[in-house]
Amino acid sequence: MITRRTLAGAALALGLFGGVAHADDAWKAQYLELTLAVIPAENASGTTDRYAPLTEYLTKSLGVPVKLRVANDYAAVIEGQRAGNIQIAFYGPASFARAVLTGVKIDPIVNQKHETGVSGYYSVIYVKADSPYKTIEDLKGKNLALVDPNSTSGNQAPRFFLKRAGYEVDKFFGKTVFAGSHENAVLALTQGTADAAANLWNSETDTMVTRMAAKGLLKNADGTPMKQSDFRVVFKSDFLPEGPFAMLDSLPADLKAKLRTAFEELPTKDKAAFDRLSDGKDKGLTPVTMKDYQPIIDMLKFNDEQRRKS
C-alpha cells in the first residue's frame, strides 16, 4: 500500500540522490576543460600521435574536453602544473621528483607496466656497434649526448650511477650536450655529433632505438634501416620506477577520483588508446603513490648536492 509516508520517503530519496549527482558534477563548473601535458620523449608529431587517443578517451570518461599539450621541455610541464594551467601530466620519474622537490603539489596516479611484467625501466648509454668503444672507460674524453636536465634515463640516472661507479660525468666526458628529447639524443649518436648517448631501455625489444627504427627514423649512411643490433650498450643503471601520470592535488576530490578510475580502466575500456602509448608492448597500468618515487627524490637530492660541491 502506498502511503503519504512512502511518498515522502521516496521524494526525500530522490532529492538526496539528485543532490549527490549534482555534487558529482560540481567540478565541471570550475573546469570547463582540462589539459594533459606530456614531456618530450619524441618529436612533437610523434608525441601527439601517441597521446591523442588517450585525451579522447579521457574526454569521454570525464565528460569535459581534455586537451593535449606537448611541452617543449621537461621544465614546462613542471611549471605548468605549478601555475595550475596543467591539471594532468605525464612525467618521467626524475621530472616528477623535481616537481615535488620544488613545491609543486601533485599526486601520482598510475604508471605503465611493460612487457617484462614490471613497472619500471633502465637508463643506458649507447654507442654505435661499429665504433671502437666497448666499455665506459673507452669513452674518456669523448662526447656524450644527454636528453634534458630533468630526464631520468637521459641525465639524472647516468650522473648518479656513473658517479657511484667512479665516473663523474662532467669531468670524465670531453663534452656533454642536452639534445632536448630521447629521439634527438639517439640521432646525435647516429649523425656523429656525439660518441655516446644516454637513453631509456625497457626490455630487449622495447627501447627508444626499437621505437625509432619502427618509425623509420634511423638510417645508416647508405640509407639502409638501422636496428637495435647497430647499437651497443656500454652502461646500464639499476632498475628505475616508471614515470607516472600525475594530477594536481588541488583538484576537487570527485574529479581526482574520476581520474584515477579512468586511468585504471584505460587498458580494458579503450585498449586501442592504451596500446598506442607503447606501440602495443605494455601490459597494463599500476596504481602508484608518492612512496614509489622516494628513491628518485633521494637520487636527485644526491645529484644536487654533488653539483653544489663542484
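You'll find the structure just up there.
Just so it is clear, the model here is predicted, and its values are computed rather than measured.

Visitor: Quick question: what am I supposed to make of the pattern of salt bridges here?
Guide: Opposite charge on two side chains makes pairing possible when the charged atoms of those side chains draw close. Within this structure, the stated rule accounts for 17 salt bridges. With its nearest N and O atoms 2.8 Å apart, the salt bridge here joins Asp 304 to Arg 98. Note that Asp 304 is positioned in helix α12 (residues 294-309) and Arg 98 in helix α5 (residues 93-101), a separation of 206 residues in sequence. Residue Asp 304 is classed as buried on the basis of its relative accessible area of 9%. For Arg 98, a relative accessible area of 14% corresponds to the buried category. For Lys 215, the salt bridge identified is with Glu 183, shortest N-O distance 2.8 Å. Linking Lys 215 in the loop between α9 (208-214) and β10 (231-236) with Glu 183 in helix α8 (residues 182-190), this pair joins segments that are 32 residues apart in sequence. Assessed through its relative accessible area of 3%, Glu 183 is described here as buried.

Visitor: What's the story with the side chain of Ser 153 in this structure? I'm lost.
Guide: Considering the arrangement of structural elements, one finds Ser 153 in helix α6 (residues 152-164). Overall, Ser 153 belongs to the buried group, its relative accessible area being 1%. A distance of 3.1 Å separates the side chain of Ser 153 from the side chain of His 182, its partner in a polar contact. Residue contacts for Ser 153: discarding those within four places in its chain leaves Tyr 121, Tyr 122, Ser 123, Pro 158, His 182, Ala 198, Asn 199 and Leu 200.

Here is what the cut-offs are and how they apply
- Residues numbered from 1 in each chain as written.
- Predicted model: local features only at pLDDT ≥ 70, side-chain atom pairs only at ≥ 80, totals over all residues.
- Heavy atoms only, no water.
- Salt bridge = Lys/Arg side-chain N within 4 Å of Asp/Glu carboxyl O.
- Helix = DSSP H or I, 4+ residues; strand = E, 2+ residues; numbered from the N terminus.
- Buried < 20%, exposed > 50% of the residue type's maximum accessible area, 1.4 Å probe, protein only.
- Polar contact = N/O pair within 3.5 Å; in protein donor to acceptor, adjacent residues only side chain to side chain.
- Contact = heavy atoms within 4.5 Å.

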